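Residue-level listing of the chains:
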Amino acid sequence: MAWEERVYLDYAATTPVAERVIKVMLPFFESAFGNPSSVHFEGQQAEAALEEARERVARALGAQPREIFFTSGGTESDNLALRGIALAEHQRRGAYRILITPVEHHAVSTTARQLQDVFGFIVDYIPVDSYGRVDPDDLHDLIDSSTALVSIIHANNEIGTLNPIAEIAAICEEKGVPLHTDAVQSVAHLRLDLATLGVSALSIGAHKFYGPKGVGALYVRQGTPILPVQTGGAQERGLRAGTENVPLIVGMAEALEMNLETLDQETQRLRALRDRLIEGVLDAIPRARLTGHPLERLPNHASFAFEHVEANTLLMYLDHAGFACSSGSACKTGNPEPSEVLQAIGFTPQWAMGGLRVTMGRGTTQAHVERFLSILPAVVEKCRVASRVR
Ligand SMILES: Cc1ncc(COP(=O)(O)O)c(C=O)c1O
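Here the structure is a predicted model, which means the values were calculated and not measured.

Along strand β3 (residues 97–100), one buried face is formed by Arg97 and Leu99 and the opposite face, lined by Ile98 and Ile100, is buried too. Strand direction decides the pairing type here: β3 and strand β4 (residues 122–125), joined by 4 bridges, are parallel. For Leu99, the partnering residue across the bridge sits in β4 and is Asp124. Crossover β3 to β4 through helix α4 (residues 106–119) is right-handed. In this sheet, strand β5 (residues 147–151) lies alongside β3 in parallel orientation, the contact comprising 4 bridges. Bridge pairing in β5 links Leu99 to Val150.

Structure (structure tokens):
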């Protein structure tokens, strides 16, 4: 199949780097390559670029520059928030409980589990409804003075559901407990105003909004107790040691601004494509269900479960037909497991094996959606036949 015939429908996994982002990064690989910690001209030039990028990222998020800490991506931001805040709150006031949901990204859930297994914290789970949403009242009842940290995903990567983060933040504020949210998916599609959102910490990663891979940021509201988890030099005001990746950081600032410039039109366009896709799939395919919230979801995100379909097989057939999609289950290996997220929101293993995530972006057109809808029913049927034969 010719490359140009392929249809990429996996923007939640990653996005292509925008041309203008590549352009602004290049000088910082070549002529302006200095280390921001060096005292000479080259170092000052790099430092100026770094601080300008910090101001731009802060402005785009409604934060203060001193509240932005650059990292190597969403995973590191989540790790720094969880480990850094939990350890600081334990040191400061002996708090030992961590509250998360059962539908967090592994960057949060695995880190929380390590804090439990190795550092003696207790991880408790805030229930979610059948859409993967937290009811703020449930959280209200669960938090107490032993809670070191609450971490709740803003927009779910697998099922697209949005959590009521501002309401959740108000409860955490009232209880005096820091709230971290993983906004790696949401920042690409929602205008965030951290001055009013009320969270203590928030993770982003550039490659979800047309920036480069391997760079992200953690917002830490001023006054939030947090310890470094990567120690060494005094970079990032001592919170994250290591020479800053200036080209990628400059690229992230550019990508974030670029994305916001057309966010409203793109949201409208993507929402229409998403709704057409959801309607088309549910109309044409028997034993198919939408996963995640029908309305409170990312504008570019459609996700489904198909009974008696194995996600890996489905993705492989779709790939052969020219479509790049993903599932939520632990795939890529020969022995896929049912999706943890789908099981946490009440799907049986027969359904949770068959998750499909279709995420759209700047390159997606109506024609792509129609082409996808024209092939999917037969592909799903082929998977069902294959599973009966086995
Ligand atoms: C919700 C969420 N959190 C964290 C990550 C990890 O981000 P990164 O790939 O930048 O490490 C992802 C990426 O898929 C994600 O979707």
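Our next topic: the site of the ligand. Looking at the ligand, there are 14 residues lining it, with Gly73, Gly74, Thr75, Asn157 and Gly205 nearest. The leading source of residues in the shell around the ligand is helix α3 (residues 74–93), at 3 residues. Tallied by class, residues from the shell around the ligand come to 3 nonpolar, 9 polar and 2 charged.

Strand order in the open sheet formed by 7 strands is β2-β8-β7-β6-β5-β3-β4, with mixed pairing between adjacent strands. At either margin of the open sheet sits one strand with a lone partner, and together these are β2 (68–71) and β4. Adjacent strand axes in the sheet meet at a mean angle of 20° when their direction is disregarded. Across the sheet, α3 lies against β2, β3, β5, β6 (179–182), β7 (201–205) and β8 (216–220), angled at about 160° from β7, the strand it touches most.

Looking at the assigned domains, one finds that the protein chain contains domain 1 (19–261) and domain 2 (263–389). Each of domain 1 and domain 2 has a C-alpha centre, and these two points are 29 Å apart. For the side of domain 1 that touches domain 2, a count of residues per class yields 8 nonpolar, 8 polar and 3 charged.

The relative placement of two packed helices is expressed as an angle between their axes plus a distance between the axes. The contact between α3 and α4 brings their axes to 9 Å, and the two run at 30°. By the angle between their directions, the pair α3 and α4 is classed as roughly parallel. Crossing angle aside, the handedness with which α3 passes α4 is right-handed. Contacts between α3 and α4 involve Gly74, Thr75, Asp78, Asn79, Leu82, Arg83 and Ala86 from the first element and Ala107, Val108, Thr111, Ala112 and Leu115 from the second. A breakdown of the residues in the contact of α3 with α4 according to their chemical character gives 6 nonpolar, 4 polar and 2 charged.

This part takes up the nonpolar core. Counting residues in each nonpolar core, the largest one holds 117 residues, and the members touching the most others are Tyr219 and Ile249. Here the element with the most residues in this core is helix α8 (residues 246–261); it accounts for 8 residues. When residues of this core are assigned to domains, at least three fall in each of domain 1 (19–261) and domain 2 (263–389). Contacts of Ile249, omitting those with residues within four sequence positions, involve Leu50, Ala53, Phe70, Val215 and Glu244.

The next subject is the environment of Ala234. Relative to the helices and strands, Ala234 resides in the loop between β8 and α8. The class of Ala234 is exposed, set by 9 C-beta atoms lying within 10 Å. Through-space distance from the C-alpha of Ala234 to that of Ser37 is 9.1 Å; in sequence the pair is 197 residues apart.

The pairing of strands in a sheet happens through backbone hydrogen bonds and is either parallel or antiparallel. Taken together, 3 strands build an open sheet; the order of strands is β9-β10-β12 and the sheet is antiparallel. Both edges of this open sheet fall to β9 (288–290) and β12 (355–359), since each of them pairs with a single strand only. In this sheet, neighbouring strand axes are inclined to one another by 25° on average, regardless of whether the strands run parallel or antiparallel. As judged from the 5 bridges shared by strand β10 (residues 301–306) and β12, these two strands associate in the antiparallel manner. Within the sheet, the bridge partner assigned to Phe304 lies in β12 and is Leu356.

Of all 5 residues making up β7, 5 are buried, and the element is well covered by its neighbours. The two faces of β7 match: Ala201, Ser203 and Gly205 on one face and Leu202 and Ile204 on the other face are all buried. Relative to β7, β6 runs parallel, the two sharing 3 bridges. Bridge assignment links Asp182 to a residue of β7, and that residue is Ser203. Relative to β8, β7 runs antiparallel, the two sharing 5 bridges. Residue Ala201 lies in a different strand from β8, and its bridge partner there is Val220.

On to helix α6 (residues 165–175). Residues Ile165, Ile168, Ala169, Ile171 and Cys172 constitute the buried set of α6. In a view along the axis of α6, the buried residues occupy a sector of 160°, so they form one face of it. Next to the buried residues of α6 lie α5 (136–142), β5, β6 and α7 (194–197). Taken from the residues just after α6, Gly176 is the one with a positive phi, measuring 75°.

Quick notes on the rules
Residues numbered from 1 in each chain as written. Predicted model: local features only at pLDDT ≥ 70, side-chain atom pairs only at ≥ 80, totals over all residues. Buried ≥ 20, exposed ≤ 12 C-beta atoms within 10 Å, placed from the backbone. Helix = DSSP H or I, 4+ residues; strand = E, 2+ residues; numbered from the N terminus. Pairing = 2+ DSSP bridges. Right-handed = clockwise from strand over helix to strand, strands pointing away. Near = placed C-beta within 6 Å. Nonpolar A, V, L, I, M, F, W, Y, C, P; charged D, E, K, R; others polar. Axes fitted to C-alpha atoms, helices over the stretch in contact; angles between N-to-C directions. Contact = placed C-beta atoms within 7 Å. Domains from an automatic or database assignment. Parallel < 35°, antiparallel > 145°, perpendicular 65-115°, else oblique. Left-handed = near helix turned anticlockwise from the far one by under 90°. Core = buried A, V, L, I, M, F, W, Y, C linked by C-beta atoms within 7 Å. Arc of directions from axis to C-beta.

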